[in-house]
Amino acid sequence: MAEPSAATQSPSISSSSSGAEPSAPGGGGSPGACPALGTKSCSSSCAVHDLIFWRDVKKTGFVFGTTLIMLLSLAAFSVISVVSYLILALLSVTISFRIYKSVIQAVQKSEEGHPFKAYLDVDITLSSEAFHNYMNAAMVHINRALKLIIRLFLVEDLVDSLKLAVFMWLMTYVGAVFNGITLLILAELLVFSVPIVYEKYKDPSKTPRNRQKKGRITTWKPEMQQLLKHHLIVIMSLLVL
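Reading the values: the criteria
- Residues numbered from 1 in each chain as written.
- Predicted model: local features only at pLDDT ≥ 70, side-chain atom pairs only at ≥ 80, totals over all residues.
- Heavy atoms only, no water.
- Helix = DSSP H or I, 4+ residues; strand = E, 2+ residues; numbered from the N terminus.
- Buried < 20%, exposed > 50% of the residue type's maximum accessible area, 1.4 Å probe, protein only.
- Contact = heavy atoms within 4.5 Å.
- Areas by Shrake-Rupley, 256 points an atom, 1.4 Å probe, with all protein chains shown as cover.
- Core = buried A, V, L, I, M, F, W, Y, C linked by side-chain atoms within 4.5 Å.
- UniProt positions renumbered as here; feature names shortened; annotations may be inferred.
- Polar contact = N/O pair within 3.5 Å; in protein donor to acceptor, adjacent residues only side chain to side chain.
- Phe/Tyr/Trp six-rings, centres within 6.5 Å; stacked < 30°, edge-to-face > 60°.
- Expected span 1.5 Å × (residues − 1).
- Patch = residues over 30% accessible without salt bridge, like charges linked within 9 Å, V, L, I, M, F, W, Y side chains within 5 Å.
- Salt bridge = Lys/Arg side-chain N within 4 Å of Asp/Glu carboxyl O.

## Re the overall build of the protein chain
Reasoning step 1: Within the protein chain, the regular secondary structure consists of 10 helices and zero strands.
Reasoning step 2: For the protein chain, the α and β elements follow one another from N to C terminus as α-α-α-α-α-α-α-α-α-α.
Reasoning step 3: Classification of the 241 residues of the protein chain by burial places 12% in the buried group.
Reasoning step 4: Put simply, 42% of the contacts in the protein chain that link residues at least 6 apart link residues at least 24 apart.
Reasoning step 5: For the protein chain, the computed accessible surface area is about 19100 Å², with 68% contributed by carbon and sulfur atoms.

## Describing the nonpolar core
Reasoning step 1: Among the nonpolar cores identified, the biggest contains seven residues, and these are Leu51, Phe64, Leu68, Leu71, Ile185, Leu189 and Phe192.
Reasoning step 2: Contributing elements (two or more residues each) for this core: helix H3 (57-76) and helix H8 (180-201).

## Observations concerning the UniProt feature "transmembrane region" (unreviewed entry) in the protein chain
Reasoning step 1: The positions UniProt marks with the feature "transmembrane region" (unreviewed entry) are residues 62-91 and 176-198.
Reasoning step 2: Annotation note: span residues 62-91, helix share 93%, strand share 0%, distance between end C-alpha atoms 19 Å.
Reasoning step 3: End-to-end, the C-alpha atoms of residues 176-198 are 31 Å apart, and along that stretch the chain is 91% helix and 0% strand.

## Focus on the side chain of threonine 182
Reasoning step 1: If you trace the backbone, threonine 182 turns up in helix H8.
Reasoning step 2: There is a polar contact of 2.4 Å between the side chain of threonine 182 and the side chain of asparagine 179.

## Regarding the packing of aromatic side chains
Reasoning step 1: Considering all chains together, one arrives at five aromatic pairs under this definition.
Reasoning step 2: Ring geometry for tryptophan 54 and phenylalanine 192: centres 6.4 Å apart, planes at 80°, overall edge-to-face. On the criterion of sequence distance, the pair formed by tryptophan 54 in the loop between helix H2 (43-52) and H3 and phenylalanine 192 in helix H8 is long-range, its members being 138 residues apart.
Reasoning step 3: Of the residues examined, phenylalanine 192 reaches a relative accessible area of 12% and is grouped as buried.
Reasoning step 4: Relative to tyrosine 173, the ring of tryptophan 169 lies with its centre 5.2 Å away and its plane at 90°, an arrangement referred to as edge-to-face. Residue tryptophan 169 and its partner tyrosine 173 are both found in helix H7 (residues 158-177); the two are separated by four residues, about one turn of the helix.
Reasoning step 5: The rings of Trp54, Phe64 and Phe192 are connected pair by pair, giving a single aromatic cluster.

## Let's talk about H8
Reasoning step 1: Taking 1.5 Å per residue, 22 residues should reach 32 Å; H8 reaches 31 Å between its end C-alpha atoms and fits that length.
Reasoning step 2: Residues of H8 that are buried include every one of Thr182, Ile185, Leu186, Glu188, Leu189, Phe192, Ser193 and Val197, and no others.

## Points about a nonpolar patch on the surface
Reasoning step 1: A cluster of nonpolar side chains, namely Val79, Val83, Ile87, Leu91, Ile95, Ile99, Val103 and Val107, defines an oily patch on the protein surface of about 730 Å² accessible area.
Reasoning step 2: Residue valine 83 is classed as partly exposed on the basis of its relative accessible area of 41%.

Right, here's the structure in full:
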């Protein structure tokens, strides 16, 4: 009679021991971790999160520098000129490197082959299945946008249409001061500066868990406010120039 009781107790013990293991990954993460971890669709959001918060300084610096230079170039020149100069710069680098490697191979009498052979052999073809998946995902957003446009312009909800009208009226004043490229430059400077400054200078005693308990917003240190003011002054001076 003792054996059946032991047999009935063993599944509960194993289930409790196995149930304790999955709870470990779901515990509190590190303060700087990506909030979307644990899901299959978080790769792109985590990459953007790491990029904005300067997790990899070289990668973020390269992206921030190239996009800022491109936006500044678009503010000074036409789109055709900027694209043409970019293609010429890229071709000049690749052609010069190809000629340099050819000369080195001729002098050393080596048979290394094409310097970009590893990149030429990469399969970049887009399968029909992947193309249809991208198109289906795009069609979902396009249909939502069309429904929203029809709902707003045909005044399905008067309040929402009035909100859009007021917003567009305010944007006329913004457009009189800034153009689209200037707003993009301002947005990029804010995106790549405010999050990392906030993460560095926020009060560590006010964690998200404490905010949920107390219902209070995280307090910023005085250094945080001064640094944000300095960033805004520098950004506005760049925009004026």
